[in-house]
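An overview of the molecular structure
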Amino acid sequence: MGRRESGVVLVERTSVFAMNPFVNIHHHGPSSGSVSIQNFDYWEDLELPKGFFSAGIHPWFPPTEEQWVAIQKAWDDPRCLALGECGLDRLRGEKLEEQKKWFELQLQS
């Protein structure tokens, strides 16, 4: 997890990111062929995306034990480039205290 400790992900100039001026940094579901980072939607499917992806605990969907294990596995995968989708939502989801617990836990991971 060293790449998240510094907050920087190094991408070589010869990579697909350097060859395309536009990158979709957040989408759900398989890519339509664009250069993109898919969100790992653990609340729908425990299988990791095929390409680059982000992974985090969504405030609306507190993870089950099985989902939590899948999220941790995702964070260890070299294709995981970002922490997300994560945050707090006062209008929807679990009580704010429960959301804060998961938010802080994933920031410490």
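Note that this is a predicted model, so its numbers are computed, not measured.

1. Considerations on the side chain of His58
If you trace the backbone, His58 turns up in the loop between strand E3 (53-55) and helix H3 (65-76). Given the relative accessible area of 8%, His58 is considered buried. Within polar-contact distance, the side chain of His58 engages the backbone nitrogen of Trp60 at 3.0 Å. Those residues within four positions of His58 in sequence are excluded, and the remaining contacts are Tyr42, Trp43 and Glu85.

2. Concerning the nonpolar core
Of all hydrophobic cores here, the largest spans 13 residues; its most connected members are Phe40, Phe53, Ala55 and Ile71. In terms of residue count, the dominant contributor to this core is H3 (five residues).

3. Quick notes on the side chain of Gln67
Here Gln67 lies in helix H3. By relative accessible area, Gln67 is classed as buried at 13%. At 3.2 Å, the side chain of Gln67 and the backbone oxygen of Tyr42 are in polar contact. In this structure, Gln67 is in contact with Tyr42, Trp43, Leu46 and Pro62, ignoring residues within four places of it in sequence.

4. What to know about the packing of aromatic side chains
Remark: the centre distance and the inter-plane angle together describe each pair of aromatic rings, the angle taken between the planes. A full pass over the atoms with the stated rule returns six aromatic pairs. Judged by centre distance (4.6 Å) and plane angle (20 degrees), the rings of Trp43 and Phe61 are stacked. Of this pair, Trp43 sits in the loop between strand E2 (36-39) and E3 while Phe61 sits in the loop between E3 and H3, and the two are 18 residues apart along the sequence. Overall, the relative accessible area of 21% leaves Trp43 in the partly exposed class.

5. Some words on the pairing of strand E4 (residues 80-83)
Direction of pairing for E3 relative to E4: parallel, over a ladder of three bridges. Paired with Ala55 across the two strands is Leu83, which belongs to E4. Regarding topology, H3 serves as the crossover connection from E3 to the parallel E4, and that connection is right-handed.

6. Points about the environment of Lys100
Structurally, Lys100 is set in helix H4 (residues 96-108). The spatial distance from the C-alpha of Lys100 to the C-alpha of Leu88 is 7.0 Å, given a sequence separation of twelve residues.

7. Focus: the confidence of the model for the protein
For the protein, the mean per-residue pLDDT works out to 80, and 72% of the residues sit at or above 70. Within the protein, no element has a lower average pLDDT than helix H1 (residues 2-5), which sits at 43, and none a higher one than H3, at 95. Considering only residues more than four positions removed or in separate chains, one finds that residues 1-6, a stretch of pLDDT under 50, has twelve contacts.

The rules we used
- Residues numbered from 1 in each chain as written.
- Predicted model: local features only at pLDDT ≥ 70, side-chain atom pairs only at ≥ 80, totals over all residues.
- Heavy atoms only, no water.
- Helix = DSSP H or I, 4+ residues; strand = E, 2+ residues; numbered from the N terminus.
- Buried < 20%, exposed > 50% of the residue type's maximum accessible area, 1.4 Å probe, protein only.
- Polar contact = N/O pair within 3.5 Å; in protein donor to acceptor, adjacent residues only side chain to side chain.
- Contact = heavy atoms within 4.5 Å.
- Core = buried A, V, L, I, M, F, W, Y, C linked by side-chain atoms within 4.5 Å.
- Phe/Tyr/Trp six-rings, centres within 6.5 Å; stacked < 30°, edge-to-face > 60°.
- Pairing = 2+ DSSP bridges.
- Right-handed = clockwise from strand over helix to strand, strands pointing away.
- pLDDT = per-residue confidence, 0-100.

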